[in-house]
Structure formats: structure tokens, C-alpha cells
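Secondary and tertiary structure notes
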Amino acid sequence: MTSLEFFSNAIKETEVDSMLISDSTEIIEMNSKGINTDDPFLTIVRETEAHKGVASAKKIAAWMVLFAKFTNSKDAIVQFSDSKSTFPIYCEIDDSMTGNDIANSISEWLDKVDNLSIDIEEIKRELELQDMPAITCDRSCFDEDKDSKLIILINEASIEIRYDTATYTGNTIDRVMRVYECILTDILAGKSISGINLLDEKMREELDSFHDNRLGYDDSKNVVDFIEESIRKYPERTAVVYKDRRISYKELGAITDNIASYIHSLGIGREDVVSIL
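Throughout what follows, the structure given in this document is the object of discussion.

Conventions adopted
- Residues numbered from 1 in each chain as written.
- Predicted model: local features only at pLDDT ≥ 70, side-chain atom pairs only at ≥ 80, totals over all residues.
- Heavy atoms only, no water.
- Helix = DSSP H or I, 4+ residues; strand = E, 2+ residues; numbered from the N terminus.
- Buried < 20%, exposed > 50% of the residue type's maximum accessible area, 1.4 Å probe, protein only.
- Contact = heavy atoms within 4.5 Å.
- Areas by Shrake-Rupley, 256 points an atom, 1.4 Å probe, with all protein chains shown as cover.
- Axes fitted to C-alpha atoms, helices over the stretch in contact; angles between N-to-C directions.
- Parallel < 35°, antiparallel > 145°, perpendicular 65-115°, else oblique.
- Left-handed = near helix turned anticlockwise from the far one by under 90°.
- Nonpolar A, V, L, I, M, F, W, Y, C, P; charged D, E, K, R; others polar.
- Salt bridge = Lys/Arg side-chain N within 4 Å of Asp/Glu carboxyl O.

Looking now at the overall build of the chain. Across its full length, the chain carries nine helices and eight strands. When each of the 277 residues of the chain is scored for burial, the buried share is 38%. Restricting to contacts in the chain with at least 6 residues of sequence separation, those with at least 24 account for 62%. As displayed, the chain offers around 17,000 Å² of accessible surface, 47% of which is attributable to carbon and sulfur atoms.

Another aspect to go through is unusual backbone geometry. A negative phi angle is the norm for most residues apart from glycine, just as the trans form is the norm for most peptide bonds. The backbone of lysine 243 shows a phi angle near 55°, a positive value even though the residue is not glycine. Turning to its location among the elements, lysine 243 is positioned in the loop between strand E7 (238-242) and strand E8 (245-248). Despite not being glycine, glutamate 271 has its phi angle at roughly 75°, a positive value. Tracing the backbone shows glutamate 271 in the segment after helix H9 (249-265).

The contact between helix H2 (residues 56-70) and helix H6 (residues 170-188) brings their axes to 9 Å, and the two run at 120°. On the basis of their axis angle, the class for H2 and H6 is oblique. Considering only the axes of H2 and H6, their crossing is right-handed. Taken together, the residues of H6 that come into contact with H2 (itself represented by Lys58, Lys59, Ala61, Ala62, Trp63, Val65, Leu66 and Phe70) are Val176, Val179, Tyr180, Ile183, Leu184, Ile187 and Leu188. Taken together, the residues of the contact of H2 with H6 break down into 13 nonpolar, no polar and two charged.

So, on to the pattern of salt bridges. What the rule picks out here adds up to nine salt bridges. For aspartate 95, the salt bridge identified is with lysine 74, shortest N-O distance 3.7 Å. Of this pair, aspartate 95 sits in the loop between strand E3 (86-92) and helix H3 (99-113) while lysine 74 is found in the loop between H2 and strand E2 (75-81), placing the two residues 21 residues apart along the sequence. Owing to a relative accessible area of 33%, aspartate 95 belongs among the partly exposed residues under this scheme. Its salt-bridge partner being lysine 233, residue glutamate 229 comes within 2.8 Å of it at the nearest N-O pair. Here glutamate 229 and its partner lysine 233 are both found in helix H8 (residues 223-233), four residues apart, which amounts to about one turn of the helix. You can call glutamate 229 buried: its relative accessible area is 17%. Linked by salt bridges that have partners in common, Lys69, Lys74 and Asp95 make up one network.

Shape descriptors only; they carry no functional weight alone.
Set out below in C-alpha cells:
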């Protein structure tokens, strides 16, 4: 079996193009303007104690979960390079799985492809995976990769990301790394994928601030008071829209006054119940 046949069979039922992080415009903030420099790539390094002593397969598993979550997929695929070759890593991700399950799946995948002669460019071309995120644990592979729009170097105690500034902003990459750290922490805690937290405290505060839309108002007034105030202040503004008809506050006031007068003429007064059809 050729390497292309192997990967085609493994991935044939998956819409892998939907897993490319550069296509996830709803979650990943894209930089539409781009940055025109001689070197369009920037590198961010983040050191963390959480990485020390952690097997590479678990760190890769955290990235696979991140890509799946960001693209709302049940699987993920990345380009992986080591000193011998470059090839895709593919992994199905189910909410009932743990990080250890995914790490074991990745290790099994690496064992399967270890003895294959792989033409990564042919695989990317045939499977239409030109913009796969790239991951490596090898410094020379990281330095030599000049084509990937997003490449991740996994070190013993740090993560380095080199990214295309025409595709991603620095703030986007910073958020991606923070989400990765949240996922890795929960993977090491043995949580299932369904229980993994994607937000750190700072991101949670940012989201909470979006919902802080409280406005001060005079709580001594009721709804009728507010409507009557609007009638006085904005008589010509639209109060009600129904199909093609628009009713101004002035017209609304006249209508409600007529209805109130009619009800009063029937002997109905304050605190009486009136049905509305």
C-alpha cells in the first residue's frame, strides 16, 4: 500500500478541509489587511511549567483537541515533521475520550506511518490539505519550514509558534496559546473532552464584560409611564412596526387613549381584569 492510499483510506470519510484552522473564521480572528514586511512571519515563544515532563504525544493531543474544538469537528489533522520525514497525523476526537486516549491514538498513528515512504506534498495535493497546521518537536524542522502558515514547535518547557502575519494577528495567536494551555492542563487532570475548559480567567472576564449591559433607570416608573414619556419626547418616532405598517408614538398614544376611553365607558375601572384578543 502506498502512503497516499494509506492516508486516503484513513481520512476518506472525513471533511478534512473543514478542520483547517485558517478557514475557521468564526473562532479565529483573521487579519484581512495583512502586514507587508520583508519577512511576513513572526514567532511567539511561551514558557510554562505545565509543559515540563509531559510526553510529546499529550502535548500534540492538546493541539488536536484545540483544532477540533475551534472548527467544531469530531476529528483533526495536522502536518507533523521529525528528523526522518514529514507526514499528516489524523485523529478522531469524541467527547467521551480523555487526553490519554487521544495521546495513545497519536502514538499508534506514529507507529503506523513510521516505516512508510511518504510524499507529503502529494498527500496534501491529492487530499486538498494545502494549509494544514504544522507541528514538530524538532528545532531544525521548525527552522527549515518556510511554507506553513502556522507551525508549532513543542519543546520540553515551552511552545513556539511561527505564523503568517497576513493570515493571523498577534492577539489571535496569543489567545490560541492560552486556550492550548487550558486544554493541556485539563488533559493532565484526566478530564474527558466534554469537560475540557477552553477559557482561562482573563478570557472569561472578557466574555463577562460583553454581558455587562446594565443601564440605570428610574424604578419608580412603570411601563405605562415610560411609554407616556416617549410619547411626549418622541411623538414622531416609530413605536410599533407590523408588516408594512408603522405607528408613531403619537399615533400609539391616540390609539391607547381611545381604547382606554371605550373600556372606561363599559364601567371597567382600576384593578379590573380585561381580556385582550
